[in-house]
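Descriptive analysis of the structure
Listed below, chain by chain, are the residues.
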Amino acid sequence: MGISRPSRPVLLTTLASAGALLFTTLAPGSATADPRPGGRDILREGSPLSSTERAARNPESAADRALGASAGAGLASGKNRGYPREQKLTPPPANPDDKSIKLGLAPYHSIAPKLNDIQGIGDRVSVEIAGRSAGGHQLYLVTVTSPESAEETARQERMRDLIENAPGTAAKDPAVKSSYKTPVFVNNNIHGNEWEGTDAALKLIEKLAKAKDGKTKDLLAHNRLYFNVTANPDGRIAGTRANANGFDLNRDFITASQPEVRAMRQIAVDKQPAVMIDLHGYVNGTLIEPTTPPHGENYEYDLFLKNTYANALGMEAAVNGLGYTPEKDGVEPAIIPFRDQEEGWDDWPPIFTPQYMPFHGAVAAHTIEFPMTVNNDEYDELPVPELRRRSAINVDIAGAAMSATLAYTQEHRTSVIADQIETFRRGAAGAKQVPVSPETVPGVPGIGPEDVYTTDFPRAYVIPRGKEKGERGQRSAAAASRLVEHLLDNDVRVRRATRDFRLGGASYAEGSYVVDMRQPKRGLANVMLADGRDISDKVSTMYDISGWSLGRLWGATVDSVKGGSLSGVRSRAVDSASRVGYVASRGDLRLRLDDAREVAALNWLLARGTSVRRADDGSVILPSSARGAAAAAAKRYDVAFDATKAKGGPAVRSTRVAAAVTPGELFALREMNFDVVPVSTDVLNAGFDWKKSGASALFVSAGLSYGELNAGAKAGLDAFLAGGGGLVGRGSEGAALNSDAKLLSVRAVSGNGDANGVVRVVNSGGPVTGGAPEHSFVYAPMWFTGLGSGVRVEQSYGGGNPLLSGHWRAVEGGAGGPSDAAGQASVVSGAAAKSRVVLFGTEPLFRDHPKGVFPQVGRALLSVGRG
């Protein structure tokens with residue numbers, strides 16, 4: 001891999017049968033070293049719903065809250081106000097079952113009273129409500145700074161705006177250099193069962209509120225410190241990694257499906273932190289980023305590495321300086337992956353908090369992992385005194401990391417802000433990235449060619465709206481609208497053409513959206529809309545996903561324009577997407593079902609008894625008499641009902657889904673308005689009544705094994721399938737149930753269980769994949785061979801190398817790679833006796849992300865459901 005790094009602890013990886021990566025940290029003499037950095041003992045998205053994740057027990061209210069929550073709504077109350085912004089918090093009821101209590105840490109219900117007390121100490125501490133969690137708990141954002149009048153706060157905001165929107169001017173403005181307060185963001189407890197950052201933050205906030213020394217006064221006069229006290233109160237209370245919807249919030253930043261993540265995103269947009277740290281556990285010794293390769297190609301990585309490495313050295317010195325030792329305390333020296341490891345802890349995907357924040361101007365951003373494990377098995381098995389000893393050490397270490405970060409920011413605040421300005425200036429000017437090297441990032445040892453990742457930004461992206469034959473058209477207006485809203489929510493600038501235009505050799509209609517890539521946050525625009533890259537040859541393994549393109553997976557047509565001038569494109573800036581809801585004024589109506597919102601609209605109509613019929617291409621037909629209902633659905637879901645002369649075929653009935661699925665899949669099903677009853681092996685063995693459940697389709701991807709069912713449960717499931725109940729299966733568990741129940745005659749072939757990314761596919765044009773995107777998503781990809789009589793190929797992997805972006809290698813021995821999958825069936829369907837079956841080898845609902853692929857599952861469920 002080019003220049004060799006020292007190998008103190010090295011992350012070793014092995015392939016697990018479920019497709020998860022199992023990591024081992026080798027730390028000499030460490031009896032307490034966690035062999036699963038970052039909590040990787042928690043299974044990936046393929047994990048079934050369970051009582052510990054609570055997603056199945058909490059479902060409707062948490063899902064509804066997540067789907068309906070606005071981003072950071074509480075922060076708007078601070079506009080036109082100075083600091084402090086004190087408010088008396090209403091404490092929630094005391095909860096004696098809060099899992100923090102056993103560790104001697106602050107239960108969630110104690111945080112509001114504590115913050116109320118701290119606010120009363122002086123005039124430095126303010127508390128705002130940044131939003132609510134999926135479980136309904138308030139998210140507390142604490143600001144610590146010297147007092148500001150409303151006029152001074154407005155002046156600070158003008159400088160913040162200047163830094164982003166006129167960086168060339170900001171770089172020359174003496175007021176920015178002398179008096180702009182550097183924003184620092186400390187994010188805590190995003191994984192609910194990694195508790196201690198919250199407690200360290202509360203201690204530090206109180207200390208800063210009380211301190212009388214000149215050093216503290218100077219710190220707060222020149223910086224604004226923002227503390228997200230607990231990013232995941234649901235998980236903190238329950239002792240789970242995930243929130244009430246079962247989501248790992250530190251995998252959700254590019255999708256922002258959960259309200260907690262939308263709140264953090266809004267903090268990033270509104271506060272524009274230049275420095276941030278994200279507190280986690282548990283890796284012994286304390287792990288402090290920057291990371292191993294591959295590095296995200298859309299960053300201004302030279303500026304980022306310069307500051308992140310320097311701050312890491314300060315945190316390392318502070319943590320090691322606490323005096324904990326392996327012999328006395330079981331605490332190993334701190335680890336900096338960039339310096340100490342070859343691979344296995346990368347910053348390639350923008351799904352993690354510190355990998356997302358640089359796109360909003362953070363030039364130093366870190367994951368920090370405390371050393372002493374207190375969750376999972378240790379939480380249940382260790383005596384309370386030992387757990388509290390470990391937690392106290394972790395709180396101490398978290399506090400040292402926070403204090404060191406504040407010291408670094410204070411010492412280097414002028415250059416930190418200059419580097420943030422330069423990040424935005426490069427984007428606005430369309431300047432080239434600066435590759436990292438010993439010359440461009442002096443002071444960082446061990447930089448080699450393996451660390452160099454840059455990209456060629458296009459001149460623009462166009463999300464077209466076609467109106468004439470031959471123009472670049474849009475697959476789904478609803479998908480385009482949703483994608484534009486998402487870009488705007490992420491502070492990406494979007495314009496809309498006010499006249500027809502030509503760009504990059506193509507014609508576009510008035511109303512098409514244009515994303516000019518000469519903008520301050522071009523990195524974020526590109527990370528969302530670009531194809532990404534196949535990095536299979538770069539490293540042997542990845543920490544998490546490697547491909548995520550919204551341009552390919554969200555269902556909208558997105559064109560990358562490499563060159564040309566935008567001067568001839570007449571356009572206006574937009575702050576929201578234009579609504580696309582429409583109902584033809586006469587005739588019968590067609591709803592396409594090419595987008596999740598269209599599936600949601602259909603299910604809403606079916607629940608209200610609207611007459612709907614199937615069309616051969618997978619769309620649905622409503623009679624003209626249903627125009628009123630269609631108008632209500634068009635308004636509610638912003639979807640279009642076109643006129644059609646087709647009469648349609650069989651009636652479409654409402655489908656209730658019995659689902660043995662992952663939390664992300666459950667959430668996506670509810671996003672499409674399916675009525676879902678979660679099931680599992682245990683639920684069926686306990687005597688599940690299929691008739692009373694009202695289920696007409698079974699969706700299986702995780703947590704239901706036919707071989708583990710008792711005799712009564714097997715008989716009940718067999719009777720459901722023999723009576724016309726349909727099956728949609730995804731992945732190895734869905735395919736296994738199909739085989740064990742002797743349904744479709746197919747052979748399921750598993751590829752590399754580690755592989756993931758965006759793949760090219762060929763759709764059959766039938767009722768399941770008609771109108772679907774030419775790309776899908778895989779994690780632990782699968783394909784189907786030996787297709788028996790009556791089995792239909794709904795979709796196949798593309799030829800050659802089907803992987804567009806991500807990481808997919810053959811396993812040892814050469815099998816399971818993308819060349820083995822090329823041309824093979826990725827989605828199949830057919831009938832077995834009275835049961836209809838659809839099997840997916842792709843992962844179309846992964847973490848609620850690939851929105852444009854959702855309708856394949858929606859159509860499959862509607863097609864297999866009896867009635």
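The shown structure was predicted, so the numbers you read here are calculated from the model rather than taken from an experiment.

Concerning the pattern of salt bridges
Taken as a whole and assessed by the stated rule, the structure comprises 46 salt bridges. The residue K210 makes a salt bridge to E206 at a minimum N-O spacing of 3.1 Å. Residue K210 and its partner E206 are both found in helix 6 (residues 196–210); the two are separated by four residues, about one turn of the helix. In this structure, R265 and D489 form a salt bridge, with 3.9 Å as the shortest nitrogen-oxygen distance. Taken together, the residues span a long stretch of sequence, with R265 in helix 9 (residues 259–271) and D489 in helix 16 (residues 477–489) at a distance of 224 residues. By relative accessible area, R265 is classed as buried at 3%.

A few points about the sheet that holds strand 12 (residues 460–463)
Sheet architecture is open: five strands sit in the order 17-12-16-13-18, paired in antiparallel fashion. The strands lining the two open edges of the sheet, one partner per strand, are strand 17 (559–561) and strand 18 (571–573). Looking at each pair of strands side by side, their axes are set apart by 30° on average, direction ignored. Across two bridges, strand 13 (residues 495–497) lies against strand 16 (residues 513–516) in antiparallel orientation. Considered in strand 16, the bridge of R495 is made with V514. Where helix 16 meets the sheet, its contacts fall on strand 12 and strand 16, and the angle it forms with strand 12 comes to roughly 140°.

Points about the nonpolar core
Judged by nonpolar contacts, the single largest core of 143 residues is most densely connected at Y140 and F227. For this core, the element with the highest residue contribution is helix 15 (residues 384–429), accounting for twelve residues. When neighbours within four sequence positions are excluded, Y140 is seen to be in contact with L89, P92, Y108, I111, A112, L115, V127, E128, I129, F227, N228 and V229. Counting 47 residues, the second-largest nonpolar core is a separate cluster that includes Y637, M672, V676 and V768.

Things to note about the side chain of H295
If you trace the backbone, H295 turns up in strand 9 (residues 292–295). Within polar-contact distance, the side chain of H295 engages the side chain of Y301 at 2.9 Å. Those residues in contact with H295 that sit more than four places away from it in its chain are Y301, F338, D347, W348, D451 and Y453.

A few points about the confidence of the model for the chain
Confidence in the prediction of the chain, expressed as mean pLDDT, is 91, and 91% of residues score 70 or more. In this model, residues 1–44 is a region of pLDDT below 50 whose contacts with residues beyond four sequence positions or in other chains number 133 contacts. Segment residues 51–56 is flagged for pLDDT under 50; beyond a separation of four residues in sequence, or across chains, it makes 22 contacts in the model.

Structural notes on unusual backbone geometry
Across the junction of G281 and Y282, the peptide omega takes the value 5°, indicating a cis bond. Residue placement: Y282 occurs in the loop between strand 7 (275–281) and strand 8 (287–288). Here the amide bond leading from P293 into P294 is cis, since omega sits at 0°, within 30 degrees of zero. Tracing the backbone shows P294 in strand 9. Even without being glycine, N376 reaches a positive phi, approximately 55°. Considering the arrangement of structural elements, one finds N376 in helix 14 (residues 376–381). Of note in this structure, D848 is not a glycine but carries a positive phi near 65°. Summarising the element assignment, D848 is placed in the loop between strand 35 (835–840) and helix 27 (854–864).

A word on the pairing of strand 33 (residues 803–807)
Among the five residues of strand 33, four are classified as buried, and the element is accordingly described as predominantly covered. Pairing of strand 29 (residues 756–763) with strand 33 involves four bridges; the strand directions are antiparallel. Within the sheet, the bridge partner assigned to G757 lies in strand 33 and is G806.

Side note on empty space enclosed by the protein
Enumeration over the complete set of coordinates arrives at eleven cavities of 30 Å³ or more. Taken as a whole, the largest cavity holds about 160 Å³ of empty space. Looking at the largest cavity, it is lined by 17 residues, and the ones nearest its centre are Y299, E300, P358, F359 and T423. Elements represented by at least two residues in the lining of the largest cavity include exactly helix 10 (301–320), helix 15 and helix 17 (522–529). Of all the elements, helix 15 adds the most residues to the lining of the largest cavity, at four residues. For the lining of the largest cavity, a count of residues per class yields nine nonpolar, four polar and four charged. There is about 110 Å³ of room inside the second largest cavity.

As for the packing of helix 19 (residues 596–607) against helix 20 (residues 627–637)
Contact pair helix 19 / helix 20: the axes reach a minimum separation of 10 Å and the direction vectors enclose 140°. Between helix 19 and helix 20, the crossing angle belongs to the class labelled oblique. Judged by the sense of rotation from one axis to the other, the crossing of helix 19 with helix 20 is right-handed. Between helix 19 and helix 20, the contacting residues are R597, A600, A601, W604 and L605 on the first element and A629, A630, A632, A633, R636 and Y637 on the second. Of the residues in the contact of helix 19 with helix 20, the class split is nine nonpolar, no polar and two charged.

Points about helix 2 (residues 108–119)
Along an α-helix, residues three or four apart share an orientation, since each turn contains 3.6 residues. With twelve residues, helix 2 ought to run about 16 Å at 1.5 Å a step, and its terminal C-alpha atoms sit 18 Å apart, in line with that. Every buried residue of helix 2 is accounted for by Y108, H109, I111, A112, L115, N116, I118 and Q119. The secondary structure elements touched by the buried residues of helix 2 are strand 3 (125–132), strand 4 (138–144), helix 6 and helix 8 (233–238).

Reading the values: rules and limits
- Residues numbered from 1 in each chain as written.
- Predicted model: local features only at pLDDT ≥ 70, side-chain atom pairs only at ≥ 80, totals over all residues.
- Heavy atoms only, no water.
- Salt bridge = Lys/Arg side-chain N within 4 Å of Asp/Glu carboxyl O.
- Helix = DSSP H or I, 4+ residues; strand = E, 2+ residues; numbered from the N terminus.
- Buried < 20%, exposed > 50% of the residue type's maximum accessible area, 1.4 Å probe, protein only.
- Pairing = 2+ DSSP bridges.
- Axes fitted to C-alpha atoms, helices over the stretch in contact; angles between N-to-C directions.
- Contact = heavy atoms within 4.5 Å.
- Core = buried A, V, L, I, M, F, W, Y, C linked by side-chain atoms within 4.5 Å.
- Polar contact = N/O pair within 3.5 Å; in protein donor to acceptor, adjacent residues only side chain to side chain.
- pLDDT = per-residue confidence, 0-100.
- 1 Å grid on protein atoms, 1.4 Å probe; cavity = no way out; pocket = protein on both sides within 12 Å on 5 of 7 lines; lining within 4 Å.
- Points joined across faces, edges and corners; volume = space filled by probe spheres on them.
- Nonpolar A, V, L, I, M, F, W, Y, C, P; charged D, E, K, R; others polar.
- Parallel < 35°, antiparallel > 145°, perpendicular 65-115°, else oblique.
- Left-handed = near helix turned anticlockwise from the far one by under 90°.
- Expected span 1.5 Å × (residues − 1).

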